[in-house]
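Take a look at the letters that make up each chain.
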Amino acid sequence: MPGRTSHHRFTTRADGDLAVGAVGVAGRRSALVDLPWTWLDQVHGADVVTVTRPGEHAGAAADAAVTAVPGAVVAVQAADCAPVVLLAEGAVGVVHAGWRGLVAGVLPAAVGAMRALGADRVQGLLGPCIHAGCYEFGEADLAEVATGLGAAVVGRTASGAPGMDVPAAVRACLAGVDVSLDTSSSTCTACRPDALWSHRARADSGRQAALAWLT
Ligand SMILES: [Zn+2]
């Protein structure tokens, strides 16, 4: 779609708590981008909503949203799970991907929904999420996840225990559908209490968001 510009943003604690149901969250959303938002009631599954008018499907039980409509913000919230932005000519998407969603196939599902909107060259961007060094995982559980997602997900924590490598898992899932991943915005949520919320490391209830929209 010539003439359309894609925008995206990964928020930090400085932007305020964007958790669904947080007091004052509606005002913080419009302060960030003053357009109708489609935020999601995330369930760690693989369902994707396609937004055909601004604000459509707000509050839907899903873990990804895509749109080709200008003026519609699509957003996911996370505090260790991976927030992923998908960008293409004339379409944008966001994905909430924890290990269960990754295994369920939420990333290929979201890329498929982008392609159904006519997007051919899709690019992925990874936001802040927990990294292997801080994400201890049971050895048997990790082996099971690796069966579905590949050996790249097997990492080590800083103390040498088995750790799940979420950025590597996101990369592998996207590579499987011919999408490359930029990880330069992905700092570790657990390592940065000054800037980011972490559910695992600090039991934080706050959430940062990933948002994308077209104008
Ligand atoms: Zn860390």
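Refer to the structure presented above.
What this report covers is the structure whose coordinates are included nearby. Note that this is a predicted model, so its numbers are computed, not measured.

**A word on the sheet that holds strand β14 (residues 208–214)**
Strands belonging to one sheet form pairs held by backbone hydrogen bonds; the direction of such a pair is parallel or antiparallel. The four strands lie next to each other as β1-β14-β7-β2, forming an open sheet whose pairing is mixed. Each edge of the sheet is formed by a strand with only one pairing partner; in this case those strands are β1 (6–10) and β2 (37–38). Pairing of β2 with strand β7 (residues 73–78) involves two bridges; the strand directions are parallel. Pairing of Thr38 across the sheet is with Val74, part of β7.

**What about the nonpolar core?**
Ranked by internal contacts, the top residues of the largest apolar core, which has 76 residues, are Val74, Val84, Leu86, Val94, Leu107, Ala110 and Val170. Leave out the neighbours within four places in its chain, and Val170 touches Ala82, Val84, Ala97, Leu107, Leu126 and Leu181.

**What about the sheet that holds strand β4 (residues 48–51)?**
Pairing within the open sheet is mixed, and its six strands lie in the order β4-β6-β9-β8-β10-β13. Looking at the sheet topology across the chains shown, the edges are occupied by β4 and β13 (180–182). Strand-to-strand twist in this sheet, taken as the mean axis angle between neighbours without regard to direction, amounts to 20°. Against the sheet, helix α3 (residues 106–116) touches β4, β6 (64–67), β8 (82–88) and β9 (91–97), its axis set at about 165° to β9.

Cut-offs used in this document
- Residues numbered from 1 in each chain as written.
- Predicted model: local features only at pLDDT ≥ 70, side-chain atom pairs only at ≥ 80, totals over all residues.
- Pairing = 2+ DSSP bridges.
- Helix = DSSP H or I, 4+ residues; strand = E, 2+ residues; numbered from the N terminus.
- Core = buried A, V, L, I, M, F, W, Y, C linked by C-beta atoms within 7 Å.
- Buried ≥ 20, exposed ≤ 12 C-beta atoms within 10 Å, placed from the backbone.
- Contact = placed C-beta atoms within 7 Å.
- Axes fitted to C-alpha atoms, helices over the stretch in contact; angles between N-to-C directions.

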